[in-house]
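Examining the three-dimensional arrangement
So you can see what is in the structure, the chains are spelled out below.
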Amino acid sequence: MLALQGLTPASLAHALPGVTLAEARKVVSAVHRDRDLADPVREVRRVSLDLVRRHGHTPAVEVVRREGSAVDPFVKFLLRSGGDAYETVRIPLERAGRFSVCVSSQVGCAMGCTFCATGRLGLLRNLETWEIVEQVRVVRRDLAREQPSSRVHGVVFQGMGEPLANPDRVLEAIAILTEPSALAIDGRAITVCTSGLPTPIRRLADAAPNVRLGVSIGSARPEVRAEIMPLDRRFPLDLVVDACVYHARKTRLRPMWAVTLLAGVNDTDADADALARLALGFAERAGVPPRISVIPFNPIEAEGASFERTDGAREAAFRDVLRRAGVPTHRRYSGGADVLAACGQLAGRG
Ligand code: SF4
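Residues numbered from 1 in each chain as written. Predicted model: local features only at pLDDT ≥ 70, side-chain atom pairs only at ≥ 80, totals over all residues. Heavy atoms only, no water.

On to the overall build of the protein chain, then. Secondary structure summary: the protein chain contains 10 helices and 14 strands in total. Expected size for 350 residues packed as a compact globule is a radius of gyration near 20 Å; at 21 Å, the protein chain falls within 12% of this value. If one aligns the C-alpha atoms of the protein chain with their principal axes, the spans along those axes are about 70 × 40 × 35 Å. Residues counted as buried form 55% of the 350 residues belonging to the protein chain. Roughly 15100 Å² of accessible area belongs to the protein chain as shown, and the carbon and sulfur atoms make up 52% of that amount. (Helix = DSSP H or I, 4+ residues; strand = E, 2+ residues; numbered from the N terminus. Rg over C-alpha atoms; globule rule 2.2 N^0.38 Å. Buried < 20%, exposed > 50% of the residue type's maximum accessible area, 1.4 Å probe, protein only. Areas by Shrake-Rupley, 256 points an atom, 1.4 Å probe, with all protein chains shown as cover.)

Let us look at the site of the ligand. In the vicinity of the ligand, the contacting residues are C109, M111, G112, C113, C116, T118, G119, G161, E162 and S195. Its residues assigned to classes, the shell around the ligand comprises 4 nonpolar, 5 polar and 1 charged. (Near = heavy atom within 4 Å. Nonpolar A, V, L, I, M, F, W, Y, C, P; charged D, E, K, R; others polar.)

Applying the stated criterion across every chain yields a total of 2 aromatic pairs. With centroids separated by 6.1 Å and ring planes inclined at 80 degrees, the aromatic side chains of F297 and F307 adopt a geometry described as edge-to-face. Of this pair, F297 sits in the loop between β13 (291-296) and α10 (312-324) while F307 is found in the loop between β13 and α10, placing the two residues 10 residues apart along the sequence. (Phe/Tyr/Trp six-rings, centres within 6.5 Å; stacked < 30°, edge-to-face > 60°.)

Of all the positions in helix α3 (residues 46-55), only S48, L49, L51 and V52 are classed as buried. Take α3 and look down its axis: the buried residues cluster within an arc of 155 degrees, on one side only. The exposed residues of α3 that point more than 90 degrees off its buried face are R46, V47 and R54. In this structure, the buried residues of α3 make contact with α2 (21-32) and β2 (56-57). (Arc of directions from axis to C-beta. Contact = heavy atoms within 4.5 Å.)

Once that is clear, we can look at the nonpolar core. Side chains of a nonpolar character, in soluble globular proteins, are inclined to be buried together. Counting residues in each nonpolar core, the largest one holds 96 residues, and the members touching the most others are F157, I174, W257 and L275. Counting residues domain by domain, this core receives three or more from each of domain 1 (2-57) and domain 2 (62-339). Not counting chain neighbours up to four residues away, the residues in contact with I174 comprise F157, V192, L204, A208 and V211. By size, the runner-up hydrophobic cluster in this structure holds 8 residues, among which are F74, V89, C102 and I295. (Core = buried A, V, L, I, M, F, W, Y, C linked by side-chain atoms within 4.5 Å. Domains from an automatic or database assignment.)

On to the pairing of strand β11 (residues 212-216), then. Burial within β11 is extensive, with 4 of its 5 residues counted as buried. In this sheet, β11 lies alongside strand β10 (residues 190-194) in parallel orientation, the contact comprising 4 bridges. Note that in β11 the partner of V192 across the bridge is L213. Between the parallel pair β10 and β11, the chain is carried across by helix α6 (residues 198-207), and the sense of this crossover is right-handed. In the sheet, β11 pairs with strand β12 (residues 256-261) via 3 bridges, with the strands oriented parallel. Counted as the bridge partner of S216 is A258 from β12. (Pairing = 2+ DSSP bridges. Right-handed = clockwise from strand over helix to strand, strands pointing away.)

Pairing in this open sheet of 10 strands is mixed, and the strands run β3-β4-β5-β6-β9-β10-β11-β12-β13-β14 from one edge to the other. Every other strand in the sheet has two partners, leaving β3 (62-68) and β14 (329-331) as the edge strands with one partner each. Ignoring which end each strand starts from, the neighbouring axes of this sheet average 25 degrees apart. Two strands pair when backbone bridges link them, and β3 and strand β4 (residues 75-81) are joined in this way by 6 bridges, in the antiparallel orientation. Across the sheet, the residue bridging to G68 is V75, located in β4. In the packing of helix α4 (residues 129-146) onto the sheet, contacts are made with β3, β4, β5 (84-92), β6 (98-102) and β9 (151-157), and the angle to β5 comes to roughly 50 degrees. Packed onto the sheet, helix α9 (residues 269-286) meets β12 and β13 and runs at close to 175 degrees relative to β12. (Axes fitted to C-alpha atoms, helices over the stretch in contact; angles between N-to-C directions.)

Before going further, it helps to examine the domain arrangement of the protein chain. The domain architecture assigned to the protein chain consists of domain 1 (2-57) and domain 2 (62-339). Taking both sides of the interface into account, the surface hidden between domain 1 and domain 2 amounts to around 1000 Å²; carbon and sulfur atoms contribute 53%. Per-residue buried area on domain 1 facing domain 2 is highest for Q5, H32 and D34; these three make up 49% of the total on that side. For the pair domain 1 and domain 2, the interface holds 2 salt bridges. (Buried area = accessible area lost by both parts, 1.4 Å probe. Salt bridge = Lys/Arg side-chain N within 4 Å of Asp/Glu carboxyl O.)

On to the environment of R277. Following the sequence through the fold, R277 ends up in helix α9. Exposure remark for R277: the relative accessible area of 55% places this residue in the exposed category. Distance in space between the C-alpha atoms of R277 and G122 is 33 Å, their sequence separation being 155 residues.

Each regular strand shows side chains that alternate between the opposite faces of the sheet. With 5 of 5 residues buried, β6 is to be regarded as a mostly interior element. Side-chain alternation along β6 places R98, S100 and C102 on one buried face and F99 and V101 on a second face that is also buried. In terms of strand pairing, β5 meets β6 through 4 bridges, oriented antiparallel. In the sheet register, R90 faces β6, and the bridge partner there is V101. Where β6 and β9 come together, 5 bridges link them in parallel fashion. Across the sheet, residue F99 finds its bridge partner in β9, namely V152.

Put into structure tokens, the structure is as follows:
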């Protein structure tokens, strides 16, 4: 059976010869507006709709739990499908009434970043295209109930999993999220965040050039990065930055570089200095500077979780080294920590 919410009009028309592209567009529109396909769909012939009904369905994900933060408007959803639990977070944007959805792309993750709860699970499986798209639809439906004038404005692939380790489904999901007859989200309001897989970064630039790239830098000092992000041993930062340059040249979009500050690990002046040099070198080659996000470390519930959050004075000093080098930074407010919805805390607790 075809999961209809995981198809673009082109893929539906391709999967069901006999259904025209124009009809597929109407069907996709009906699916994403939660219309019942047992009813007629305007401008779709009965023979085509019968084909869709026979070969397609709209599977649901179970919302196991909805946890709203008591301190900010973040909401975490624990979802389940195919027997696996994964999480999605509703993130309020600066403009009132607008939200972004932080989606998971895998159940667990194989990358093993030491500061991340998901990384401690290992990889269980890739999520299917429809399961990624459905996360946005769950949040959209929830918003429609709670705040009907609000809307989902953007999507960030920063939940559980390494999205670029599941690139086929992530690219298909992006095609559906941005498709006018489906969710019609502006590609520039979508960010794919990776721990740094060079080849898929290039593929993202080629396949979805209007979508933004986020990269977890960890530290610009190779020995520190290798220690906190095991992936660095396979893909050293130089290779990742080369891929970022390719992405920026192709898309003309500034990448977001994220650094989660860990007390005494990657928050020294030497780390800041190395990051400033990396950013300046990148800007020279790419023609655009990166946007640097400094993320406060959020505690994770796990055996052997030994990191601590950098204190305010050290964080300010770190950012000051960068500022004096001509590299501005911003501090990302990572909300929902009281419901373990903040960056690095998602672990699909069932
Ligand atoms: S930070 Fe991202 S890539 Fe790293 S382990 Fe966590 S989910 Fe995986």
